[in-house]
Protein chains: 2
Amino acid sequence: MAKLQAGYLFPEIARRRNAHLLKYPDAKVISLGIGDTTEPIPEVITSAMAKRSHALSTLEGYNGYGAEQGEKPVRALISKTFYSDLGIGEEDIFVSDGAKCDITRLQLVFGSNVSMAVQDPSYPAYVDSSVILGQTGLYQKDVEKYGNIEYIRCTPENGFFPDLSKVSRTDIIFFCSPNNPTGSSATREQLTQLVEFAKMNGSIIVYDSAYAMYISDDNPKSIFEIPGAKEVAIETSSFSKYAGFTGVRLGWTVVPKELLFSDGFPVAKDFNRIVSTCFNGASNIAQAGGLACLSPEGLEAMRGVIGFYKENTSIIMDTFKSLGYNVYGGKNAPYVWVSFPGRSSWDVFAEMLEKTHVVTTPGSGFGPGGEGFIRVSAFGHRENVLEACRRFKQLYK
Amino acid sequence: MAKLQAGYLFPEIARRRNAHLLKYPDAKVISLGIGDTTEPIPEVITSAMAKRSHALSTLEGYNGYGAEQGEKPVRALISKTFYSDLGIGEEDIFVSDGAKCDITRLQLVFGSNVSMAVQDPSYPAYVDSSVILGQTGLYQKDVEKYGNIEYIRCTPENGFFPDLSKVSRTDIIFFCSPNNPTGSSATREQLTQLVEFAKMNGSIIVYDSAYAMYISDDNPKSIFEIPGAKEVAIETSSFSKYAGFTGVRLGWTVVPKELLFSDGFPVAKDFNRIVSTCFNGASNIAQAGGLACLSPEGLEAMRGVIGFYKENTSIIMDTFKSLGYNVYGGKNAPYVWVSFPGRSSWDVFAEMLEKTHVVTTPGSGFGPGGEGFIRVSAFGHRENVLEACRRFKQLYK
């Protein structure tokens with residue numbers, strides 16, 4: 001653990017935000033930083049959770065330990081909603097308390113003697129959990145990277161997708177699409193290349209699709225849309241950004257039965273053992289919420305929430321475009337990735353906080369490939385997003 | 001992971017139960033096996049969770065990501081309820097989705113290069129998570145132990161507490177009191193010895209107090225009642241067996257700021273980093289339930305639930321005593337530990353299941369020191385406990 005540099009990114013940003021509040025106690029600070037949902041959960045979903053809560057005080061409605069893998073109806077409905085025609089059955093779905101937690105449980109399956117690749121920039125939990133498990137070498141200050149991790153540079157220059165012929169083979173490849181933080185989503189052709197690359201190298205892809213429902217175009221919403229992916233990929237996802245479940249905690253991970261270790265042992269069996277030993281299932285009340293999310297009314301309500309955040313995204317993108325900045329992401333994700341060429345991300349972050357009282361996230365917090373960028377999250381009340389954009393316009397006009 | 005023997009104990013028991021149901025589809029199977037709560041959650045608690053659920057669909061009541069360490073009022077109330085006068089502040093409390101999950105997070109803090117001691121018999125998650133983290137040697141079939149784990153034999157002969165002068169030094173000592181499975185709870189004098197032993201050896205005690213509210217006598221309910229414990233111990237606990245939260249998922253772990261690694265670094269800082277990186281906090285609805293549990297009405301209601309299960313315990317103890325068996329535990333725990341001298345636990349388990357359709361837990365599932373014992377759980381509806389005892393009386397009369 002001593003190898004880890006500073007704190008986990010988001011608590012560090014919260015710390016700076018709090019310091020700013022101490023300095024300017026009267027400032028109206030707007031947070032477009034940690035990607036935290038702000039809009040209420042649709043009532044069709046909260047009612048279902050309230051109903052389940054009440055039922056737990058009755059003899060008929062009470063239940064104790066659930067299956068660690070999740071309740072059968074929830075697994076079945078996730079399979080039907082997101083993976084129908086993709087050959088992913090309910091037995092391949094493991095319901096969890098969120099994608100971040102499942103990433104660590106997956107790392108426990110892999111153990112310490114594996115090599116890892118991550119997109120650079122990428123969501124910090126991949127690298128940090130990898131360091132904690134002892135998979136990496138020391139942090140190298142000059143290049144801002146850990147040893148023994150393959151950083152796959154994803155920048156505007158390569159359309160946020162690497163030339164895979166130049167990427168070294170690793171045992172595990174973390175790949176997030178739509179990407180956090182760049183907001184880019186991979187095309188069918190790119191994902192086909194990725195699956196072939198993994199197959200050729202005997203690698204396992206951990207595909208983070210937590211923002212898949214934000215995709216507006218024809219890009220795949222699941223890695224399992226790619227033929228052959230079931231033999232090389234795990235997919236992890238979450239209700240957090242669809243239904244505002246960041247506090248309720250519910251997600252899932254797909255480990256297809258077709259995915260085998262090189263000795264032929266099913267990865268799902270090991271994951272099942274980890275889930276049984278290190279976890280006790282997601283809260284039954286949250287699972288009742290998940291069922292409601294996937295009802296016809298729930299799906300419509302979630303699309304409403306997602307549509308709202310996507311309008312925010314457009315407002316933010318238009319703002320920075322009008323100011324002459326190069327802006328990426330946004331279309332298929334709730335994140336806008338703004339380029340500040342030649343500047344340090346933390347400097348821009350500090351400047352924005354100091355002069356506009358808006359909290360964003362410095363791109364370099366996601367890896368050295370994020371240097372010179374700022375991630376602006378579209379999770380916010382409309383009036384706050386509009387106000388933040390007004391302030392940006394004033395500062396950068 | 002290949003070192004692990006068979007599956008995690010409780011899914012294995014569920015498997016055998018299901019096989020029995022297939023064989024005897026009409027049998028009325030009674031489960032006194034996995035220690036799963038059966039009584040409804042008191043309404044004062046479920047109402048609070050329903051209220052929080054509904055609030056999440058309002059602008060004022062919505063919240064997204066909570067602090068990974070738990071909501072401040074929950075931490076404060078746990079501190080006040082269980083640790084007042086013990087010098088444990090709210091900042092020492094980490095709210096979680098349960099003790100089992102926190103055990104793995106603690107193991108992540110310790111890493112793979114540590115040595116471990118466990119009570120034998122003990123709750124299997126300690127050993128299994130230790131194996132998964134790579135702390136142990138191979139499983140040694142002849143002695144039914146993993147290499148590089150110190151098994152502290154706890155049997156009727158030593159009053160379920162070892163002569164510590166014969167116990168080897170380890171970095172970590174898992175200690176559960178009231179004990180699962182033996183039901184014994186350690187005295188103040190014994191815990192004082194344990195704390196001194198840890199201090200002398202520079203060991204960290206992970207004290208599992210998930211059944212502390214079942215203690216009827218003067219034995220300590222927290223390790224922190226022992227002077228000096230804050231410098232050597234972590235305590236993990238749970239609402240599962242107090243409020244029937246096995247499915248709702250809520251627990252906590254105390255890592256006192258006074259607890260330091262040998263290099264002087266606070267253990268709490270590392271645990272905080274693990275919690276921030278590998279976890280996103282317990283469900284906010286479950287936390288609302290936790291607050292209600294600790295209100296005056298909630299505490300009274302929980303004591304009612306605990307009292308009910310303790311009556312079950314008495315019924316089970318009286319049954320086996322009347323049949324001439326030596327029976328342990330029970331007084332301070334919801335588990336009865338029945339001795340079947342000279343017999344294999346799994347044989348007795350199978351005999352009970354086959355002839356009485358009652359599921360119990362074989363003692364040897366908790367370690368070689370449990371061989372020859374059966375754990376009977378007091379978690380059950382009253383009529384089922386009475387019926388199970390009638391069947392036991394018929395079989396063993």
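Fair warning: this is a prediction, and the values are worked out from it, not measured in the lab.

Conventions used here
Residues numbered from 1 in each chain as written. Chains lettered and ligands numbered in written order. Predicted model: local features only at pLDDT ≥ 70, side-chain atom pairs only at ≥ 80, totals over all residues. Heavy atoms only, no water. Helix = DSSP H or I, 4+ residues; strand = E, 2+ residues; numbered from the N terminus. Rg over C-alpha atoms; globule rule 2.2 N^0.38 Å. Buried < 20%, exposed > 50% of the residue type's maximum accessible area, 1.4 Å probe, protein only. Lys, Arg positive; Asp, Glu negative; His and termini not counted. Charge placed at Lys NZ, Arg CZ, Asp CG, Glu CD. Contact = heavy atoms within 4.5 Å. Expected span 1.5 Å × (residues − 1). Pairing = 2+ DSSP bridges. Least-squares fit on C-alpha atoms with pLDDT ≥ 70 in both. Axes fitted to C-alpha atoms, helices over the stretch in contact; angles between N-to-C directions. Left-handed = near helix turned anticlockwise from the far one by under 90°. Buried area = accessible area lost by both parts, 1.4 Å probe. Salt bridge = Lys/Arg side-chain N within 4 Å of Asp/Glu carboxyl O. Parallel < 35°, antiparallel > 145°, perpendicular 65-115°, else oblique. Nonpolar A, V, L, I, M, F, W, Y, C, P; charged D, E, K, R; others polar. UniProt positions renumbered as here; feature names shortened; annotations may be inferred. Polar contact = N/O pair within 3.5 Å; in protein donor to acceptor, adjacent residues only side chain to side chain. Phe/Tyr/Trp six-rings, centres within 6.5 Å; stacked < 30°, edge-to-face > 60°. Lys NZ or Arg CZ within 6 Å of the ring centre and 35° of its normal.

### A closer look at the overall build of chain A
What chain A contains, in helices and strands, is 12 helices and 15 strands. Taking 397 residues into account, the globule formula puts the C-alpha radius of gyration at 21 Å, and chain A, at 21 Å, falls close to it. Counting only C-alpha atoms and orienting by the principal axes, one finds that chain A spans roughly 60 × 50 × 40 Å. Counting every position in chain A, which comprises 397 residues, the buried fraction comes to 64%. Between the averaged position of the 39 positive side-chain charges in chain A and that of its 43 negative side-chain charges there is a distance of 4 Å.

### Notes on the side chain of Thr46(A)
Relative to the assigned elements, Thr46(A) resides in helix 2 (residues 43-55). Contact partners of Thr46(A), with chain neighbours within four places excluded, come to Ile41(A), Ser53(B), His54(B), Leu56(B) and Ser57(B).

### A few points about helix 8 (residues 267-278) of chain A
All names here are of chain A. An ideal rise of 1.5 Å per residue puts 16 Å on 12 residues; helix 8 measures up with 16 Å between its terminal C-alpha atoms. Burial analysis of helix 8 places 10 of its 12 residues in the buried class, which makes it a mostly covered element. Along helix 8, the residues classified as buried are Val267, Ala268, Asp270, Phe271, Arg273, Ile274, Val275, Ser276, Thr277 and Cys278.

### Observations concerning the pairing of strand 12 (residues 335-339) of chain B
Residues and elements named next belong to chain B. Across the 5 residues that make up strand 12, a large majority, 5, are buried. Where strand 11 (residues 327-329) meets strand 12, 3 bridges bridge the pair, whose relative direction is antiparallel. Following the sheet pairing, Tyr328 is matched in strand 12 by Trp337. The hairpin formed by strand 11 and strand 12 contains 5 residues between the paired strands, and Gly330 there has a positive phi angle of roughly 85 degrees.

### Considering the relation of the copies chain A and chain B
Once turned by 180 degrees and shifted 0.0 Å along the axis, chain A lies on chain B with an RMSD of 0.0 Å. Between the two chains, the operation in question is that of a two-fold axis. Across chain A, the smallest distance between a C-alpha and the rotation axis is recorded for Ala50(A), namely 2.0 Å.

### Considering the packing of helix 4 (residues 99-110) of chain A against helix 5 (residues 124-132) of chain A
Residues and elements named next belong to chain A. Viewed as axis vectors pointing N to C, helix 4 and helix 5 meet at an angle of 35 degrees, and their least axial separation amounts to 10 Å. As for how helix 4 packs across helix 5, the hand of that crossing is right-handed. Contacts from Lys100, Ile103, Thr104 and Gln107 in helix 4 reach Ala125, Tyr126, Ser129 and Ser130 in helix 5.

### Topic: unusual backbone geometry
All names here are of chain A. Here the amide bond leading from Asp120 into Pro121 is cis, since omega sits at 5 degrees, within 30 degrees of zero. Along the chain, Pro121 falls in the loop between strand 3 (116-120) and helix 5. Of note, the amide linkage connecting Ser177 to Pro178 takes the cis form, showing an omega dihedral of -10 degrees. Relative to the elements of secondary structure, Pro178 occurs in the loop between strand 7 (172-176) and helix 6 (188-201).

### Quick look at the interface of chain A and chain B
At the junction of the two partners, chain A supplies 63 residues and chain B supplies 63 residues. Carbon and sulfur atoms supply 62% of the area buried between chain A and chain B, which totals about 5000 Å² over both sides. When the area that chain A buries against chain B is broken down by residue, the three leading residues are Tyr62(A), Tyr65(A) and Arg273(A), summing to 15%. Connecting chain A to chain B are 4 salt bridges.

### Some details on the packing of helix 5 of chain A against helix 8 (residues 267-278) of chain B
Interhelical geometry of helix 5 of chain A versus helix 8 of chain B gives an angle of 140 degrees and a closest axis separation of 10 Å. In terms of axis orientation, helix 5 of chain A runs oblique to helix 8 of chain B. At the point where helix 5 of chain A passes helix 8 of chain B, the crossing takes the left-handed sense. For the pair helix 5 of chain A and helix 8 of chain B, contact is made by Ala125(A), Asp128(A), Ser129(A) and Ile132(A) and by Arg273(B), Ile274(B), Thr277(B) and Cys278(B), respectively. Counted by class, the contact of helix 5 of chain A with helix 8 of chain B contains 4 nonpolar, 2 polar and 2 charged residues.

### Details of the pattern of salt bridges
Residues and elements named next belong to chain A. The tally for this structure, following the rule as stated, stands at 42 salt bridges over all chains. Arg52 is paired through a salt bridge with Glu71; the nearest N and O atoms lie 2.7 Å apart. In this pair, Arg52 is assigned in helix 2 and Glu71 in the loop between helix 2 and helix 3 (72-83), connecting sequence segments 19 residues apart. We classify Glu71 as buried; its relative accessible area is 15%. The salt bridge partner of Glu225 is Arg188, with a shortest N-O separation of 3.2 Å. Taken together, the residues Glu225 in the loop between strand 8 (204-208) and strand 9 (233-238) and Arg188 in helix 6 connect sequence positions 37 residues apart. A residue is classified by how much of its surface remains accessible, and Glu225, at 28% relative accessible area, is partly exposed. Residue class for Arg188 comes out partly exposed when judged on its relative accessible area of 38%. Residues participating in the shared-partner salt-bridge network are Glu12, Arg15 and Arg16.

### So, the UniProt feature "domain: Aminotransferase class I/classII large" (unreviewed entry) in chain A
As recorded in UniProt, the sites labelled "domain: Aminotransferase class I/classII large" (unreviewed entry) are residues 28-392 of chain A. End C-alpha to end C-alpha, residues 28-392 of chain A measures 14 Å, and it is 37% helix and 16% strand.

### Some details on the side chain of Gln69(B)
Residue and element names in this part refer to chain B. You can see Gln69 is positioned in the loop between helix 2 (43-55) and helix 3 (72-83). Residue Gln69 is classed as buried on the basis of its relative accessible area, which comes to 13%. At a separation of 2.6 Å, a polar atom in the side chain of Gln69 contacts the side chain of Asn272. Beyond its immediate chain neighbours, meaning those up to four positions away, Gln69 contacts Arg75, Ile93, Phe94, Val95, Asn272, Val275 and Ser276.

### Here we look at the sheet that holds strand 11 of chain B
Pairing is antiparallel in the open sheet, where 4 strands are placed in the order 11-12-15-14 (chain B). Of all strands in the sheet, those bounded by a partner on one side alone are strand 11 and strand 14 (361-362) of chain B.

### Some words on the packing of aromatic side chains
For the structure on display, the rule yields 56 aromatic pairs over all chains. Plain terms: the ring middles of Phe239(B) and Phe245(B) are 6.1 Å apart, the flat faces sit at 45 degrees to each other, and that makes the pair tilted. Taken individually, Phe239(B) and Phe245(B) each receive the classification buried, so the pair is uniform in this respect. With centroids separated by 6.3 Å and ring planes inclined at 70 degrees, the aromatic side chains of Trp337(B) and Phe366(B) adopt a geometry described as edge-to-face. In this pair, Trp337(B) sits in strand 12 while Phe366(B) sits in the loop between strand 14 and strand 15 (373-377), placing the two residues 29 residues apart along the sequence. Of the aromatic side chains, those joined through ring pairs into one cluster are Phe10(A), Phe160(A), Tyr328(A), Trp337(A), Phe366(A) and Phe373(A). When the ring centre of Tyr335(A) is taken as origin, the NZ or CZ atom of Arg375(A), which lies over that ring, is 4.0 Å away.

### As for the pairing of strand 3 (residues 116-120) of chain B
Taken residue by residue, a regular strand's side chains alternate between the two faces of the sheet. All names here are of chain B. Counting buried positions along strand 3 gives 5 out of 5 residues, so the element sits mostly inside the fold. What you see with strand 3 is no split at all: Met116, Val118 and Asp120 on one side and Ala117 and Gln119 on the other are buried throughout. Pairing geometry for strand 3 and strand 6 (residues 149-153), over 5 bridges, is parallel. In the strand pairing of strand 6, Ala117 is matched with Glu150. Pairing between strand 3 and strand 7 (residues 172-176): 3 bridges, direction parallel. Across the sheet, the residue bridging to Met116 is Ile172, located in strand 7.

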